[in-house]
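Chain and residue survey
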Amino acid sequence: MTIRQLISRLSLDVLAEGASYDAPLRGCYIGDLLSRVISRSVQGGLWITIMNNLNVAAVAVLADIPCVLLAEGVEAPDELREKCAEEGVFLLGSGRSAYELAAAFAQSQS
Amino acid sequence: MPDAIRMTFNVDGDDFAAAGTASSEVKRALKQLGMPPELVKRAAICMYEGEINMVIHADGGVASVAIRPGSVEIELRDRGPGIPDLELAMQEGYSTASEQARNLGFGAGMGLPNMKRYADELKIDTKIGVGTTVTMVLRDRTR
Ligand SMILES: Nc1ncnc2c1ncn2[C@@H]1O[C@H](COP(=O)(O)OP(=O)(O)OP(=O)(O)O)[C@@H](O)[C@H]1O
Ligand SMILES: [Mg+2]
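Residues numbered from 1 in each chain as written. Chains lettered and ligands numbered in written order. Predicted model: local features only at pLDDT ≥ 70, side-chain atom pairs only at ≥ 80, totals over all residues. Heavy atoms only, no water.

1. Overview of the site of ligand 1
The environment of ligand 1 is formed by 22 residues, the closest being B:H57, B:S95, B:T96, B:G107 and B:M110. One finds residues of chains A and B in close proximity to ligand 1. A distance of 2.8 Å is found between an oxygen atom of ligand 1 and a backbone nitrogen or oxygen belonging to B:G109. One of the backbone N or O atoms of B:L112 is found 2.9 Å from an oxygen atom in ligand 1. In isolation ligand 1 has 600 Å² of accessible area, and contact with the protein removes 96% of it. Of all the secondary structure elements, the ones that give two or more residues to the shell around ligand 1 are α2 (37-58) and α5 (111-118) of chain B. Broken down by element, the shell around ligand 1 gets its largest block of residues, 5 residues, from α2(B). Of the residues assigned to the shell around ligand 1, the class counts are 10 nonpolar, 10 polar and 2 charged. (Near = heavy atom within 4 Å. Polar contact = N/O pair within 3.5 Å; in protein donor to acceptor, adjacent residues only side chain to side chain. Areas by Shrake-Rupley, 256 points an atom, 1.4 Å probe, with all protein chains shown as cover. Helix = DSSP H or I, 4+ residues; strand = E, 2+ residues; numbered from the N terminus. Nonpolar A, V, L, I, M, F, W, Y, C, P; charged D, E, K, R; others polar.)

Right, dumping it as structure tokens:
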């Protein structure tokens, strides 16, 4: 599934635009502990989190994550949006829980 | 072999949210120098974990990087409290991170284990009340 398809199928808000809407997402990781995300996330995948500080952008870049999804209606501070846009990382948002989002992602894969 | 390219950064101890600046700069430089992507990624992760540790545990410090063809050496030197039990600190999940650091997503106790995993050499000199120096060497594994 591409990032474009993810956004439309899960009705996500686009909080910052990343490098390419057509990039395919190769998997998904859910987590809020940054050092765990660094070692366990999927390269080229989706990262669902409720963390919304600047380090989220830094970790996404480090771990080669093209797309971050803020769950549970967590707000994105302007500085995080700007940093993500600058680094070419998509920042998406939804009011749904991380579980619901991951389940919907998995279901709409097929 | 040509001389190493060296970069030095003063890492600020009080800006938790913006920590990681030095590592992104190093990552950019390594990319520009045409270092292999797998080495760039590992070096950036090691540097980030080390930089964050200086910020959240030691009130900042100095990061120095030496880049040579096929290798990167990273040194992180601080005058923080030191690490009383290094073996314990190296264990996954062990963390003394403050509430403030944890609220930002730090404190998984995975930073040092990540550094060990991604670096080819990791050396930690630490003395209580004096400070900690972490040295990492990463080599091009494709060579
Ligand atoms: N530079 C340092 N100065 C003093 N203590 C340190 C330093 N680096 C690490 N430590 C100690 O070692 C522990 C483990 O470090 P590690 O990086 O593995 O985990 P963490 O920083 O607590 O959490 P995480 O890295 O997952 O966000 C720290 O909680 C801290 O007690
Ligand atoms: Mg750490």
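2. Digging into the pairing of strand β2 (residues 61-68) of chain B
Residues and elements named next belong to chain B. Summarising the sheet, strand β1 (residues 5-11) and β2 pair through 7 bridges and their orientation is antiparallel. Along β2, the bridge assignment pairs M7 with V65. The sheet contact formed by β2 and strand β3 (residues 71-78) spans 7 bridges and is antiparallel. The partner of I67 across the bridge, within β3, is V72. (Pairing = 2+ DSSP bridges.)

3. Regarding the pattern of salt bridges
Taken as a whole, this structure holds 11 salt bridges over all chains when the rule is applied. Across the salt bridge formed by A:E86 and A:K83, the nearest N and O atoms sit 3.8 Å from each other. Of this pair, A:E86 and A:K83 both sit in helix α4 (residues 78-87), 3 residues apart, which is roughly one turn of that helix. Two residues, B:E121 and B:R139, come together in a salt bridge whose shortest N-O distance is 2.3 Å. Placement of the pair is B:E121 in strand β4 (residues 121-127) and B:R139 in strand β5 (residues 131-139), with a sequence separation of 18 residues. One network of salt bridges, with partners in common, ties together B:E38, B:R42, B:D120 and B:R141. (Salt bridge = Lys/Arg side-chain N within 4 Å of Asp/Glu carboxyl O.)

4. Considering the nonpolar core
Core analysis: the largest hydrophobic core is formed by 64 residues, its most contacted members being A:W47, A:L91, B:Y48 and B:M136. Looking at which element gives the most residues to this core, the answer is α2(B), with 12 residues. Here A:L91 is in contact with A:D13, A:V14, A:L15, A:A16, A:V68, A:L70, A:A76, A:L80, A:R81 and A:C84, once residues within four sequence places are set aside. By size, the runner-up hydrophobic cluster in this structure holds 19 residues, among which are A:L12, A:C67, A:L69 and A:F90. (Core = buried A, V, L, I, M, F, W, Y, C linked by side-chain atoms within 4.5 Å. Buried < 20%, exposed > 50% of the residue type's maximum accessible area, 1.4 Å probe, protein only. Contact = heavy atoms within 4.5 Å.)

5. Digging into α5(B)
Among the 8 residues that make up α5(B), 6 are buried, leaving the element largely enclosed by the rest of the structure. Of the surrounding elements, those touching the buried residues of α5(B) are α2 (34-40) of chain A together with α2, α3 (86-89), β4 and β5 of chain B.

6. Description of the layout of surface pockets
Residues and elements named next belong to chain B. Its volume calculated, the largest pocket comes out at about 570 Å³. Taken together, 31 residues line the largest pocket, and the ones lying closest to its centre are N53, H57, I83, T96 and L112. Listed by contribution, the elements that provide at least two residues to the lining of the largest pocket are α2, β3, α3, α5 and β5. In terms of residue count, α2 provides more of the lining of the largest pocket than any other element does, 8 residues in total. (1 Å grid on protein atoms, 1.4 Å probe; cavity = no way out; pocket = protein on both sides within 12 Å on 5 of 7 lines; lining within 4 Å. Points joined across faces, edges and corners; volume = space filled by probe spheres on them.)

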